[in-house]
Structure formats: C-alpha cells, structure tokens
Amino acid sequence: MMPASFIFCALALSATLSVFWANADDPTLNFEWIVTYGTISPLGVPQRGILINGQFPGPTVNCVSNDNIVVNVINKLDEPLLITWNGVQQRKNSWQDGVLGTNCPILPNKKWTYHMQMKDQIGTYTYYPSTLMHRAAGGFGAFNIHRRSVVPLPYMEPDGEFNLLVGDWFKADHKVLEQILSSGKPLPFPDGLLINGHPKSYLFTGEGGKTYLFRVSNVGLMTSINFRIQNHTLKLVEVEGSHTIQNVYDKVDIHVGQSMAFLVTLNKTVKDYYIVVSSRFTSTILISTATLRYEGSRMLASGPLPGGPTYQIDWSMRQARTIRWNLTANAARPNPQGSFHYGAIAANRTLILGNSATNINGRLRYAVNSVSYFNPDTPLKLADYFNITGVFNLSTITDKPMPQPAILGTSVINMSLHEFTEIIFQNSENTIQSWHLDGAAFWTVGYGYNQWNPGMRKRYNKVDAVSRHTVQVYPNSWSAVLASLDNKGLWNLRSAIWPRQYLGSQLYLRVWDDVQSLLTEYPPPDNVLLCGKALRS
C-alpha cells in the first residue's frame, strides 16, 4: 500500500509504466461509445432506454484472445456511470473492472477510457452498466473472445454465429424501479422477456445443411430462463470461457448472468422455426419467441411452441451436473484444459456465504453472512492502494454465517494471492440465487439440497467440473465451487440478481500479497479517476 501523500507521484509513475500493460505484439481494438438516453418500446410501451451509439442492445464486441481493447466511454446520462465486463478477468488489472469498489464513476458529460487485455481467455461474455439500476434500461451487449488461429477448436468451425441476449424486462422507468428498491420494497414481477431487445419479432437466418454457433446470455435482472429451438437440438460446446463435453439437449436452463454457446445444425425442412425462451421458477410463466429462418423459406413458423420446464428444481439441478469440462480440449492456450488438475489440490480456505433477506432500519435489505453491503464514496481499490483509512476494514464480515442481526457494512474478505479456496453458497431462502465473481473463474464442483456440511465434499466432482464465472444456487440448497485466486486485486463477488445486488447482496475479495511487482499487478492507470477521500487527500 502507498501513503496518500504519494498519490500524484504514483500516478505520474503509472503513466510511465503503462507502456508495459499491453503486449505490443497483440492487436489493439479501439472503440468510442457515446452513452445516451433514447426512447425505446420493447414491450409496446414507450420508455426511456439507455443506448450506446444509438443502439439497444449495445454494439457487439468481437475480439481475439490476448487482444488489447480500448473503450472510450462518453457519459451523456444525467447520472454517474460505469460499465463492467461480465466474465472478462482483467488479469493484474482490477483498475479496469468497472464497479464502484474499484472505479470512481464517470460523471455526466464526462468521459473515461478503459484499457483492457483479453489475456488468456476465450468465450461468450457480456457487458452492462454496474451503477444504480441502469442495467434495467439497457446499456448491455455481447462480448465475444475468439481463439487465436494457433489454437484448435474442439469442433468443426461453424458456418456462422448468432448472439442472443435474453432476459426479463420491466415497462417501468429504471429510476422508478430504483425508487421502489430504495423505499425498502421488492420489485414487482417483470412484464416480459426479451430476445435481443424484442419480445417476439427477432429473426435469425441461416442456410439449410449448415451449422451455426448460438451464443446465448441471460442479461436479465432477476429471472432464470429456459432456452430451446423448435425441432432442433442444442449441442453445448462452451460455457463462459470453458469448452464443455459436447452433450446434446432439447432445452437448457440459463440463469441470471450466465452465458452458453451451442452448435445448431439446420438439418430440417426449409421453413421457419420458433426460438423460445421462458421463465423458470416463477408462478406466472413469461415467454418470448424469435424466429429461425432457413434461407428460401416460404413457410412461417407454426404448430405449438416447444414446451419447457416451469418449476422443476430437480430437473434443473440434474441438468446442471451434466455440464462438464472437456479435459482434452484447448481453451485460450494450446495446452488441454484438463492439464490443470484442480481436484488434486487441497483447499486451504473455506468460505461459507449465506444469503438472506432482512430488515434494517425498517427497510428491506439483502445480506451475506448478516452484512448488507453499502458502497462508500471512495472506491475500495483507491483506499487500499493509497492507504486511505476509514473506508473499509477486514473484520466486517466473517468467513461463515453467524447468528447475529444483520447490519450495514462494507464487506471485504482478505485472501492470499494464489490461495486455493472453497466457496459454499448457502441459500436458505425459497427463491433461486445466482452468484458472480469478477477477476477469476471457479469450478462448480457440487450442488445439493438443504444445508451444506463437510460430508458433502465426497459428492464433489473433482475431475471435470466446468470452470465458469457465475453459478446458480437453487432454493433451500447449496452450491460449492473451488477457485484458484491467482489474480491480484480487489474483486467483486456479487449476486447477479440485480435488485439483490443493489440492496446489499455483494462483497469484495482482496486478493493480496505484500510484493509490489508488475508481474502480479499493474499500478493505477494514468487516467485513473479520483473521488471521495482520494480526491480530498
């Protein structure tokens, strides 16, 4: 850590060192995004949406592993803004993560430039606003990292790709939703589901006899979905950067914040077919459709929509256990994924994180281990790096649930760099949860009902559990993950269900050692924004 008096010297030094952040041998892609309000009507009612370069959803980012990505964000909203890159690990560089624990927000009519490298990653990801309830108005998009040409695919090169951004949607303005939550009330049930911003009219066109990669991401606020295509099967090939065993499904659950990629072969009669998403674990079933059209089709989609599950938890949990790592496939590097034998490593730390709905000062809040997170006006990363006191401490939250009243606090758990950690997500509520970790992926080794106990470890998949960044936790159940914390920084561990995140269901992992080295972490960028106590120091 660095004394506050050294702030401006440190920033000058970081400008000098920034040349080392990106590998000059890797391409750089430059983007300029102007973020504005605009009128949209996805459910037939005009409402205020958040557009990027006039687009809803926002523009798709396509890049290659190890590419350097530069995104100049110009904030034309009337509120501070940050964009986070869901699943991009920001190796050695939590300064670019785009959440309030690491970054000061971009003020209205100001701009800020993200500098990121897609270091050793491939896969299907997304981006979205992380501030307030902006995500409920748009500002999200697809973010795809393709393999380098020297790394083989574990399947034939597809004939094309389609991005599907699916999720629940509200007709109410995002500020109205924010006011509901801030008043201590839960959000109402969503008004519908969207596919690429449309409830039923989006069209995907392909050629008969060819195979296409469908990249499907749940960008909604709070609703798990089931995805299916009429009369076609889905061959799962990738989950959030991991190549999977290529199981074939008729229908697949995708939970909030998750992404999957499927191969779909157009081997049926030349006509139109329904693409269907429907809500999961809800008393009212929401349905949205799109159309898969074969080139030359003269027949509209017809017949009943392909059916999907509604509340069947056991069905979903059993399916989740079939999603497994392809041990012989390459990912971003030429070496096989299975060359890292995670199951042979003993965890040296266990975190048991219990989520809860609680009441603090007469208002609804959500808590983790009895602490409901609130954002201080100084980002944790700035406070930590510049040794600014009074922002957070490392004793606010415990490693496991304790029988104590819920409190407001700024939860940070100290973790040693390279610590191999077991995290148990314990859900004692009657609703499904979804948890996301920035800065790392984890192996989803187990799911089970009721309360977790150490005896559950014998059920873990220690051979080919899929590595991903977001895991679901079923009602009154637990999910267990293993994580190798080899990325130094401050990383947000949050509920992907956004109303819960907004009302406190999140924390940060401080992955740390005392050695200052460019080999483990970059210094703050030369354009770092200062706010709160960092600005006043």
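Preceding this paragraph is the structure being described.
Residues numbered from 1 in each chain as written. Predicted model: local features only at pLDDT ≥ 70, side-chain atom pairs only at ≥ 80, totals over all residues. Heavy atoms only, no water.

Visitor: Outline empty space enclosed by the protein, supporting the account with residue identities and numerical values.
Guide: Per the stated rule, a full pass over the model turns up 5 cavities of 30 Å³ or more. Looking at the largest cavity, its volume works out to about 90 Å³. Around the largest cavity, the lining is made up of 13 residues, and of these Phe140, Gly167, Asp168, Trp169 and Val219 lie nearest the centre. Residue contributions to the lining of the largest cavity peak at 5 residues, all from strand β9 (residues 160-169). Residue composition of the lining of the largest cavity, grouped by class: 9 nonpolar, 2 polar and 2 charged. (1 Å grid on protein atoms, 1.4 Å probe; cavity = no way out; pocket = protein on both sides within 12 Å on 5 of 7 lines; lining within 4 Å. Points joined across faces, edges and corners; volume = space filled by probe spheres on them. Helix = DSSP H or I, 4+ residues; strand = E, 2+ residues; numbered from the N terminus. Nonpolar A, V, L, I, M, F, W, Y, C, P; charged D, E, K, R; others polar.)

Visitor: How would you summarise the packing of aromatic side chains if you had to cite specific residues and measurements?
Guide: By the definition in use, this model includes 28 aromatic pairs. Centroid distance Trp33 to Trp85: 5.8 Å. Interplanar angle 40°. Geometry classified as tilted. Taken together, the residues Trp33 in strand β1 (residues 28-40) and Trp85 in strand β5 (residues 83-86) connect sequence positions 52 residues apart. Take Trp33 and Trp85: they sit in the same class, and that class is buried. (Phe/Tyr/Trp six-rings, centres within 6.5 Å; stacked < 30°, edge-to-face > 60°. Buried < 20%, exposed > 50% of the residue type's maximum accessible area, 1.4 Å probe, protein only.)

Visitor: Give me the lowdown on the side chain of Arg228, citing residues and values where you can.
Guide: The topology assignment puts Arg228 in strand β13 (residues 225-229). Despite its burial, Arg228 pairs with no opposite charge; the closest candidate is Asp253, at 7.1 Å N-O. A polar side-chain atom of Arg228 sits 2.9 Å from a polar atom in the side chain of Asn226. Polar contacts involving the side chain of Arg228 include one to the main-chain carbonyl oxygen of Gly307, which spans 3.3 Å. The residues contacting Arg228, other than those within four sequence positions of it, are Leu234, Asp250, Lys251, Tyr274, Ile275, Val276, Ser278, Pro306, Gly307 and Gly308. (Lys, Arg positive; Asp, Glu negative; His and termini not counted. Salt bridge = Lys/Arg side-chain N within 4 Å of Asp/Glu carboxyl O. Polar contact = N/O pair within 3.5 Å; in protein donor to acceptor, adjacent residues only side chain to side chain. Contact = heavy atoms within 4.5 Å.)

Visitor: Explain the side chain of Gln426 to me, and be specific about the residues and the numbers.
Guide: With respect to the helices and strands, Gln426 occurs in strand β26 (residues 419-427). A polar contact of 3.0 Å, which involves the side chain of Gln426, links it to the backbone oxygen of Asn450. A distance of 3.4 Å separates the side chain of Gln426 from the backbone oxygen of Ser477, its partner in a polar contact. Apart from the residues within four sequence positions on either side, Gln426 is in contact with Leu353, Gly354, Asn355, Asn450, Gln451, Trp452, Ser477 and Trp478.

Visitor: How would you explain the environment of Asp191 if you had to name every residue and give the values?
Guide: The topology assignment puts Asp191 in the loop between α2 (174-182) and β10 (192-195). Placed 20 residues apart in sequence, Asp191 and Lys171 show a C-alpha to C-alpha distance of 6.4 Å. Those residues in contact with Asp191 that lie beyond four places of it in its chain are Leu43, Trp169, Phe170, Lys171, Ala172 and Leu286. Within the structure, Asp191 has its side chain in polar contact with the backbone nitrogen of Lys171 (distance 2.7 Å).

Visitor: An account of a nonpolar patch on the surface is requested, with residue identities and associated values reported.
Guide: A contiguous nonpolar surface patch, about 230 Å² in accessible area, is contributed by Ile285, Ile287 and Leu305. Of note, Ile287 is situated in strand β20 (residues 287-294). (Patch = residues over 30% accessible without salt bridge, like charges linked within 9 Å, V, L, I, M, F, W, Y side chains within 5 Å. Areas by Shrake-Rupley, 256 points an atom, 1.4 Å probe, with all protein chains shown as cover.)

Visitor: Provide a residue-level description of the layout of surface pockets, including the pertinent values.
Guide: Considering only enclosed or pocket space, the largest pocket measures out at about 890 Å³ in volume. Around the largest pocket, the lining is made up of 29 residues, and of these Gln89, Asp120, Arg333, Trp443 and Asp486 lie nearest the centre. Among the residues forming the lining of the largest pocket, the class breakdown is 10 nonpolar, 12 polar and 7 charged.

Visitor: Explain the environment of His243 to me, and be specific about the residues and the numbers.
Guide: As for its placement among the helices and strands, His243 is situated in strand β15 (residues 242-243). You can call His243 buried: its relative accessible area is 4%. For the pair His243 and Ala332, spaced 89 residues apart in the sequence, the C-alpha separation amounts to 10.0 Å.

Visitor: Give a detailed account of the sheet that holds strand β3 (residues 61-64), specifying residues and quantitative values.
Guide: Strands sit in the order β3-β8-β7-β5 across an open sheet of 4 strands; the sheet is mixed. Looking along the sheet, the strands with just one partner apiece sit at the ends: β3 and β5. Geometrically, the sheet is characterised by an average inter-axis angle of 20° between neighbouring strands, direction not taken into account. For β5 and strand β7 (residues 123-129), the ladder comprises 4 bridges, and the chain directions are antiparallel. Considered in β7, the bridge of Asn86 is made with Thr126. (Pairing = 2+ DSSP bridges. Axes fitted to C-alpha atoms, helices over the stretch in contact; angles between N-to-C directions.)

Visitor: Outline the pattern of salt bridges, supporting the account with residue identities and numerical values.
Guide: According to the stated counting rule, one finds 21 salt bridges in the structure shown. For Arg215, the salt bridge is made with Glu238, and the minimal N-O distance between the two is 3.8 Å. You can see Arg215 sitting in strand β12 (residues 211-218) and its partner Glu238 sitting in strand β14 (residues 234-239), a full 23 residues away along the chain. Accessibility expressed as a relative area gives 6% for Arg215, which makes it buried. Residue classification places Glu238 among the buried residues on the basis of a relative accessible area of 4%.

Visitor: Break down the sheet that holds strand β11 (residues 203-206) for me, citing the residues and quoting the values.
Guide: Taking strand neighbours across the sheet as the criterion, the 5 strands line up as β11-β20-β19-β13-β17 in an open arrangement whose pairing is mixed. On the outer flanks of this sheet lie β11 and β17 (251-254), each paired with one strand and no other. With strand direction ignored, the average angle separating the axes of adjacent strands in the sheet is 20°. Inspection of the sheet shows β11 paired to β20 by 4 bridges, in the parallel sense. Within β20, the position partnered with Leu203 by the bridge is Thr291.

Visitor: Which residues make up the state of the cysteines, and what values go with them?
Guide: Enumeration according to the criterion identifies 1 disulfide in this entry. Paired through a disulfide, Cys104 and Cys531 show a sulfur-sulfur distance of 2.1 Å. Between Cys104 and Cys531 the sulfur-sulfur dihedral comes to about -90°; the bridge is accordingly left-handed. On the criterion of sequence distance, the pair formed by Cys104 in the loop between β5 and β6 (110-117) and Cys531 in the loop between β33 (506-512) and α6 (532-536) is long-range, its members being 427 residues apart. (Disulfide = S-S within 2.5 Å.)

The quantities given are spatial measurements derived from coordinates; they are silent on function.
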